[in-house]
Amino acid sequence: LIGFRLSGQEPDPEHPFGHGRMEYISGLLVSVAILVMGFELIGSSIGKLRSPEPIESSALVCVILIASILVKLYMFFYNHSLSKKIESAAMKATSVDSLSDTVATTLVLIATLISKYTGLLLDGWFGILVGLFILYTGGSTLKETIERRGNRMKQEIVLGHSMVHGVHDLIVHDYGPGRVMISLHAEVDVNGDIQDIHEQIDHIEHELQEKLHCSATIHMDPIVTDDEEVLAMKAKVEEMVHFLDESFSMHDFRMVKGSTRTNLIFDVEVPRKTSYTDNEIVNWLKERIHELPGSKYFAVIQIDHEYY
């Protein structure tokens, strides 16, 4: 409740996009609370294994447990449905908490019935199983709240249009549920009709907004798509880039011929975790390109790092 209250505050000069990220913090805290509950339950269950105690069983106890299971099961489905509808990390974590309670109470009921009719004291063993389940669900929710990925889906939507030949520099600005902004570069044919391309780019922006509930801004990067010499040279340079490291990629390739030399201008995108420095990448590629037969080739390289 406090998290929803804080995240719903109006934007101010220090937070022009609102306080929606408090939603993620509250979801994070709920996930941590679930994990703490799991560890506590495993600890107390181990204590019951060492010192077993008779389980109180009566018709009233069973009725209360069944009622608790039904109520918590309803809360799980309600909170899960609500979390999808409003894209709430906090409600997703709360639904997982309800599911954990449902499983725990169900196993308590089973242990109570087994103890009543067989005399076996399985409360401790069942408690450990519930604790492990709670740790798994709490950990999964915590990981999902922290990571919040999905860039591949955004790229697939853009690349689904035939006029887009490549996507790069995809950045997601996440200010909380309903306050997500996407910016990216889309490679288009340099010889295409500018008005037609602009109209289709607008269409892609609206499609992203409808499917992902976000605001999208797309920058058009014109590239050559029908010059055999340029495409052949691009393929050679891409091969060099991948030879250096398979995880590297290249974009915005241009070939500018001069009277004494030919400039190959391109960007290389590298992951954050790489064993090479930017200077090592640039110098290695420049040397390999300068060694190409034919005209004097010179490389003008910009290093880009992946955004998270």
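Treat the numbers as computed from the prediction; the structure is a model and nothing was measured.

J.: Honestly, the overall build of the chain in this entry has me stumped. Any pointers?
T.: Helix and strand content of the chain: nine helices and six strands. Scaling as 2.2 N^0.38, a compact globule of 308 residues should have a C-alpha radius of gyration of about 19 Å, whereas the chain reaches 29 Å, well beyond that. Here the chain, with 308 residues, has 38% of them falling under the buried criterion. Sequence-distant contacts, at least 24 apart, represent 64% of the contacts inside the chain between residues at least 6 apart. Total accessible area on the chain stands at roughly 18500 Å², and carbon and sulfur atoms take up 58% of it. Charged side chains of the chain number 26 positive and 43 negative; the gap between the two group centres comes to 6 Å.

J.: Could you clarify how one ought to interpret the pairing of strand β3 (residues 215-223) in this entry?
T.: Two faces belong to every sheet, and in a regular strand the side chains alternate between them. Here nine bridges tie strand β2 (residues 180-189) to β3, and the two strands are oriented parallel to one another. Paired with S183 across the two strands is T217, which belongs to β3.

J.: Would you take a moment to explain the nonpolar core for this structure?
T.: Generally speaking, soluble globular proteins have nonpolar side chains that are buried together. Ranked by size, the top nonpolar core spans 23 residues in total, and within it V237, F253, L264, F266, V268 and I289 carry the most contacts. If you list the elements that add at least two residues to this core, you get α8 (228-244), β4 (249-257), β5 (262-270), α9 (278-290) and β6 (297-305). When residues no more than four places from it in sequence are discounted, the contact partners of F253 are V230, M233, K234, V237, L264, I265 and F266.

J.: Explain the pattern of salt bridges here, please?
T.: Close approach of charged atoms allows side chains of opposite charge to pair. The final tally for this structure, using the stated rule, is five salt bridges. D101 is the partner of K72 in a salt bridge, and the nearest nitrogen-oxygen pair spans 2.9 Å. Here K72 is found in helix α3 (residues 59-86), whereas its partner D101 is found in helix α4 (residues 89-118), with 29 residues between them in sequence. Salt bridges sharing partners connect three or more residues here, namely E287, R288 and E291.

J.: Explain the packing of aromatic side chains to me, please; I cannot follow it from the model alone.
T.: Remark: the centre distance and the inter-plane angle together describe each pair of aromatic rings, the angle taken between the planes. In total, this model carries five aromatic pairs according to the counting rule given. Ring centres 6.1 Å apart and planes at 15 degrees place the aromatic pair F243 and W284 in the stacked group. Highlighted residues: F243 in helix α8 and W284 in helix α9, separated in sequence by 41 residues. F243 sits in the exposed class, given a relative accessible area of 68%. Each ring, one from F248 and one from Y276, has its centre 6.2 Å from the other, and the planes form 70 degrees; the classification is edge-to-face. With F248 in the loop between α8 and β4 and Y276 in the loop between β5 and α9, this pair connects stretches of sequence that are 28 residues apart. The exposure class assigned to F248 is buried, which follows from its relative accessible area of 2%. Overall, Y276 belongs to the partly exposed group, its relative accessible area being 30%. In this structure, R261 packs its charged tip against the face of F298, placed 4.5 Å from the ring centre. Its guanidinium or amino end placed over the ring of W284, R288 lies 5.0 Å from that ring's centre, counting from NZ or CZ.

J.: Please clarify how the side chain of H251 should be interpreted in this entry.
T.: Relative to the assigned elements, H251 resides in strand β4. Judged by its relative accessible area of 5%, H251 falls in the buried class. If we ignore the near neighbours within four places in the chain, the residues touching H251 are H168, D169, E187, F266, D267, E269 and D304.

J.: Looking at this structure, I do not really get empty space enclosed by the protein. What am I missing?
T.: Empty space among the atoms becomes visible once a probe the size of a water molecule is rolled across them. Counted by the stated rule, this structure contains one cavity of 30 Å³ or more. Considered as a void within the structure, the largest cavity measures approximately 40 Å³ in volume. If you go around the largest cavity, the residues you meet are I223, V224, V230, K234 and F253. Here the residues of the lining of the largest cavity sort into four nonpolar, no polar and one charged.

Rules of the game
- Residues numbered from 1 in each chain as written.
- Predicted model: local features only at pLDDT ≥ 70, side-chain atom pairs only at ≥ 80, totals over all residues.
- Heavy atoms only, no water.
- Helix = DSSP H or I, 4+ residues; strand = E, 2+ residues; numbered from the N terminus.
- Rg over C-alpha atoms; globule rule 2.2 N^0.38 Å.
- Buried < 20%, exposed > 50% of the residue type's maximum accessible area, 1.4 Å probe, protein only.
- Contact = heavy atoms within 4.5 Å.
- Areas by Shrake-Rupley, 256 points an atom, 1.4 Å probe, with all protein chains shown as cover.
- Lys, Arg positive; Asp, Glu negative; His and termini not counted.
- Charge placed at Lys NZ, Arg CZ, Asp CG, Glu CD.
- Pairing = 2+ DSSP bridges.
- Core = buried A, V, L, I, M, F, W, Y, C linked by side-chain atoms within 4.5 Å.
- Salt bridge = Lys/Arg side-chain N within 4 Å of Asp/Glu carboxyl O.
- Phe/Tyr/Trp six-rings, centres within 6.5 Å; stacked < 30°, edge-to-face > 60°.
- Lys NZ or Arg CZ within 6 Å of the ring centre and 35° of its normal.
- 1 Å grid on protein atoms, 1.4 Å probe; cavity = no way out; pocket = protein on both sides within 12 Å on 5 of 7 lines; lining within 4 Å.
- Points joined across faces, edges and corners; volume = space filled by probe spheres on them.
- Nonpolar A, V, L, I, M, F, W, Y, C, P; charged D, E, K, R; others polar.

Geometry only, nothing functional implied.
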